[in-house]
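Coordinates in review
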Amino acid sequence: MGEIENALPQTTAPTKVSMAVNLGGLEMKNPVTTASGTFAAGREYGDFVDVGSLGAVTTKGVSLNGWEGNASPRIAETPSGMLNSIGLQNPGVAHLKEHDLPWLQERGATVIVNVSGHSFDEYVQVIEALEDAPVDAYEVNISCPNVDAGGMTIGTCTDSVEAVVGRCRAATKRPLIVKLTPNVTDVAEIARAAEAAGADALSLINTLLGMAVDAKRRRPQLARVVGGLSGPAVKPVALRMVWEVHRAVSVPLLGMGGISTGIDAVEFMLAGATSVAAGTVNFVNPRASVEIVDGIAQYCEEQGVQDVRELIGALEC
Amino acid sequence: MALVNERARILANAKVGPNLYLMTLDAPDIAAGIEPGQFVHMKVPGMEAHILRRPFSVYARDVRTGTLEILYQAVGFGSEHMTGLVPGQCGDAELIGPVGRAWHPADAKRALLVGGGVGAAPLFMLAESLAAAGARTDVVLGAQTEQALTCRARYEELLDAPPRCATDDGSFGREGFCTSLVAEALAEASEAGEQYDYLAVCGPEPLMKIVAGMSAEAGVPCEVSLEKRMACGIGACLSCVVDTVDGKKRACVDGPVFDARKVVW
């Protein structure tokens with residue numbers, strides 16, 4: 001306790017381990033970013049985390065114009081996790097450019113912008129609006145379970161995945177990450193479609209569609225009835241899917257789903273992820289992203305791993 | 001002040017009324033910086049599979065001892081678990097704080113504070129600061145029973161005029177809801193030509209809505225303190241949004257204290 005510990009945003013600890021990774025053309029100083037929607041655009045965490053010390057900051061999904069999002073209640077706590085149905089509330093891409101991207105740039109952050117849309121056109125329009133902005137990569141969100149148009153409806157069918165990824169690919173030369181939903185029968189099939197359409201990397205998993213009920217009131221806990229499950233509860237599912245997709249495609253993977261510690265992150269890298277994202281854990285521990293970087297480095301030091309890239313896909317089975 | 005995440009030892013945790021508990025925490029950084037109406041976002045020790053933090057209003061702070069007091073009601077898994085925490089045996093809590101928009105009484109000369117149930121607690125630091133600034137401050141408290149009026153004694157000690165109280169069962173003060181006392185206070189002040197210039201209310205949402213309506217009718221500026229389900233508690237996740245005339249606002253950092261005229265009930 002005390003003022004020194006609390007006074008400054010936390011930065012990563014020095015390490016002899018080589019921590020840099022390359023995610024489909026995106027140079028990251030370490031493998032850790034933030035999961036979209038759990039970190040806003042970093043500013044809210046500015047008292048806790050030196051955002052420039054992270055591998056990247058992934059911003060909350062942004063659409064062309066602002067979205068109001070869903071009715072309340074929007075979250076429910078569930079065993080070892082939570083459900084959310086925020087509904088991609090955001091003030092639109094112009095606000096992100098004016099308000100948030102300069103703040104991130106001032107702090108030397110590597111920036112991945114999560115791109116959302118109601119239509120194929122809107123994804124392209126968001127990317128076009130950002131091409132002159134300080135953005136290092138795009139993450140195309142075809143996996144949000146909480147919107148009626150766009151989101152997961154696109155990401156569950158190979159034809160629409162190829163169509164939207166192909167159009168985004170044509171709109172930018174920057175690294176293009178496509179975020180996959182776990183709410184499909186065969187995630188490898190969707191992953192191959194995204195790769196074929198020009199994705200430089202794939203991120204997974206978005207949240208698992210779920211539901212919680214208040215038995216006494218006979219009502220759903222969420223106003224929208226269903227929502228996306230995240231947190232430690234989903235980690236085994238996420239690990240399995242990262243492993244399946246790693247075997248199915250050759251592009252690098254950004255793994256996420258219930259990562260709370262450096263060891264969790266290492267597990268994802270062993271299963272095939274090149275980089276990882278801290279999501280729901282940011283709500284529990286606002287310094288978690290930095291602590292996960294340090295935890296990975298500590299694991300490498302203890303295991304005699306000199307370069308973190310040695311971990312990628314190194315699962316022995 | 002900047003937000004901190006402070007490890008806080010639980011110094012005391014006692015039942016103080018029917019289903020009401022008072023927790024004292026050792027948190028000198030937050031105690032030094034917190035303003036009336038701000039809250040702390042607590043990681044409760046020993047919650048295992050319940051991973052989220054819980055937001056709590058601060059009832060009182062002591063800068064000298066570096067402590068905070070939280071008055072809470074057991075309403076769900078988290079708060080029921082808290083009632084069983086034994087100081088010295090349970091682990092430490094972690095508090096993010098001080099979070100949110102404080103009460104803004106401006107330079108109020110005559111204030112009316114209305115607290116329903118545990119809503120009496122987040123108004124106490126405001127009453128202290130109004131008293132210190134020399135504002136004439138009246139208080140209306142409502143609760144289910146006399147035993148549930150746990151904050152009454154501290155208000156009596158602090159202020160010249162004892163709080164007007166109402167209980168659902170009539171065991172203390174007026175029988176029924178405290179809204180009738182609010183109406184009387186506003187009418188009396190108006191008749192005396194000394195109308196309030198600030199009203200603050202915290203409690204169940206129907207109470208806040210009714211009092212907000214009364215204040216609008218009387219032309220008295222009014223603030224309310226809203227509570228919503230929260231995840232991050234620092235403005236990032238957009239779980240706790242409130243509908244306002246200016247669009248959706250975050251209860252955690254745009255509130256919890258809002259201008260009552262802006263809230264869409």
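Residues numbered from 1 in each chain as written. Chains lettered and ligands numbered in written order. Predicted model: local features only at pLDDT ≥ 70, side-chain atom pairs only at ≥ 80, totals over all residues.

Looking now at the overall build of chain B. A count of helical and extended segments in chain B gives six helices and 16 strands. Taking 18 Å as the expected radius of gyration for a compact globule of 265 residues, we find that chain B reaches 18 Å, a close match to that expectation. Along the longest, intermediate and shortest principal axes, the C-alpha atoms of chain B span 55 × 40 × 35 Å. By residue count, 52% of the 265 residues in chain B fall in the buried class. (Helix = DSSP H or I, 4+ residues; strand = E, 2+ residues; numbered from the N terminus. Rg over C-alpha atoms; globule rule 2.2 N^0.38 Å. Buried ≥ 20, exposed ≤ 12 C-beta atoms within 10 Å, placed from the backbone.)

Residues and elements named next belong to chain B. Domain boundaries assigned for chain B yield domain 1 (4–99) and domain 2 (110–262). Counting residues per element, the ones that place at least two in the side of domain 1 that touches domain 2 are strand 1 (4–17), strand 3 (39–43), strand 4 (54–57), strand 5 (60–62), strand 6 (67–73) and strand 7 (93–99). Class assignment of the residues belonging to the side of domain 1 that touches domain 2 gives a composition of 14 nonpolar, five polar and two charged. (Domains from an automatic or database assignment. Nonpolar A, V, L, I, M, F, W, Y, C, P; charged D, E, K, R; others polar.)

Right, let's talk about the sheet that holds strand 3 of chain B for a bit. Residues and elements named next belong to chain B. Strand order across the open sheet formed by seven strands is 4-3-7-1-2-6-5, with antiparallel pairing between neighbours. Each edge of the sheet is formed by a strand with only one pairing partner; in this case those strands are strand 4 and strand 5. In this sheet, neighbouring strand axes are inclined to one another by 35° on average, regardless of whether the strands run parallel or antiparallel. Note: strand 1 against strand 7, five bridges, orientation antiparallel. Looking across to strand 7, one finds that Ala8 is bridged to Ala93. (Pairing = 2+ DSSP bridges. Axes fitted to C-alpha atoms, helices over the stretch in contact; angles between N-to-C directions.)

For the rest of this paragraph, the subject is the packing of helix 5 (residues 158–171) of chain A against helix 6 (residues 187–196) of chain A. Residues and elements named next belong to chain A. Here helix 5 crosses helix 6 at 25°, and the two axes come no closer than 8 Å. As far as their axial angle goes, helix 6 and helix 5 are roughly parallel. For the pair helix 5 and helix 6, the sense of crossing is right-handed. Between helix 5, through Thr158, Val161, Glu162 and Val165, and helix 6, the contact on the second element is made entirely by Glu189, Ile190, Ala193, Ala194 and Ala196. (Parallel < 35°, antiparallel > 145°, perpendicular 65-115°, else oblique. Left-handed = near helix turned anticlockwise from the far one by under 90°. Contact = placed C-beta atoms within 7 Å.)

Here we come to the interface of chain A and chain B. Each side of the interface is counted separately: chain A has 31 residues, and chain B has 26 residues. For the side of chain A that touches chain B, the per-class residue count stands at 14 nonpolar, ten polar and seven charged.

Let us look at the nonpolar core. In this structure, A:Leu202 and A:Val242 are the most contacted members of the largest nonpolar core, which totals 194 residues. In terms of residues, this core owes the most to one element, helix 10 (residues 288–303) of chain A, which gives seven residues. Taken domain by domain, this core gets at least three of its residues from each of domain 1 (4–99) and domain 2 (110–262) of chain B. In this view, A:Leu202 contacts A:Ile177, A:Val178, A:Leu180, A:Ala191, A:Ala194, A:Val245, A:Val249, A:Val251 and A:Leu253; residues no more than four positions away in its chain are not counted. (Core = buried A, V, L, I, M, F, W, Y, C linked by C-beta atoms within 7 Å.)

Residues and elements named next belong to chain B. Taking strand neighbours across the sheet as the criterion, the seven strands line up as 11-10-9-8-12-13-16 in an open arrangement whose pairing is mixed. Each of the sheet's edge strands pairs with one partner strand only, and the pair in question is strand 11 (174–175) and strand 16 (257–259). Note: strand 10 (residues 164–167) against strand 11, two bridges, orientation parallel. Bridging from a neighbouring strand, Thr167 pairs with Glu175 of strand 11.

All names here are of chain B. The element strand 12 (residues 198–202) is largely enclosed, with a buried count of five among its five residues. With burial as the criterion, each face of strand 12 is covered, one bearing Tyr198, Ala200 and Cys202 and the other bearing Leu199 and Val201. A crossover links strand 12 with its parallel partner strand 13 (residues 222–225), the connecting element being helix 6 (residues 205–218), and its sense is right-handed. (Right-handed = clockwise from strand over helix to strand, strands pointing away.)

With that settled, consider the pairing of strand 13 of chain B. Residues and elements named next belong to chain B. Burial along strand 13 is two-sided: Cys222 and Val224 facing one way and Glu223 and Ser225 facing the other are all buried. Bridge count between strand 12 and strand 13: three bridges; the pairing is parallel. Its bridge partner lying in strand 13, Ala200 is registered against Glu223.

This part covers helix 6 of chain B. All names here are of chain B. Its 14 residues give helix 6 an end-to-end C-alpha distance of 20 Å, which sits within 8% of 20 Å, the value for a rise of 1.5 Å per residue. Regarding helix 6, the residues found buried are Leu207, Met208, Val211, Ala212, Met214 and Ser215. For helix 6, the arc enclosing every buried residue in end-on projection is 165°, short of the 170-degree limit, so these residues lie on one face. Relative to its buried face, helix 6 has exposed residues pointing more than 90 degrees away, namely Pro206 and Glu217. Those residues of helix 6 that are buried are in contact with strand 8 (110–116), helix 5 (179–191), strand 12 and strand 13. Following helix 6 by one or two positions, Gly219 has its phi on the positive side, about 70°. (Expected span 1.5 Å × (residues − 1). Arc of directions from axis to C-beta.)

Residues and elements named next belong to chain B. The complete set of buried residues in helix 3 (residues 124–132) reads Phe124, Met125, Leu126, Ala127 and Leu130. Where the residues of helix 3 are buried, they touch strand 5, strand 8, strand 9 (136–143), helix 4 (152–158) and strand 12. Backbone geometry just after helix 3 places Gly134 at a positive phi near 80°.

Residues and elements named next belong to chain A. With respect to the element layout, Val113 can be found in strand 9 (residues 111–115). Between the alpha carbons of Val113 and Leu130 there is a distance of 8.9 Å; along the sequence they are 17 residues apart. Setting aside residues up to four positions removed in sequence, Val113 forms contacts with Thr59, Val62, Leu130, Val135 and Tyr138.

Our focus in this paragraph is the environment of A:Ser203. All names here are of chain A. Structurally, Ser203 is set in strand 12 (residues 201–204). Overall, Ser203 belongs to the buried group, with 31 C-beta atoms counted inside 10 Å. Taking C-alpha positions, Ser203 is 8.8 Å from Val242, a pair spaced 39 residues apart along the chain. Those residues in contact with Ser203 that lie beyond four places of it in its chain are Glu139, Ile177, Lys179, Leu180, Leu254 and Met256.

Before going further, it helps to spend a moment on unusual backbone geometry. Here the residue pair A:Ser72 and A:Pro73 is connected by a cis peptide bond, since its omega of 0° sits within 30 degrees of zero. Along the chain, the position of A:Pro73 falls in the loop between strand 5 (65–67) and strand 6 (75–78). Along the chain, B:Gly97 connects to B:Pro98 via a cis peptide bond; the corresponding omega equals -15°. Take B:Pro98: it is sitting in strand 7. In this structure, B:Glu48 is a non-glycine residue whose phi angle is positive, near 45°. Here B:Glu48 shows up in the loop between strand 3 and strand 4.

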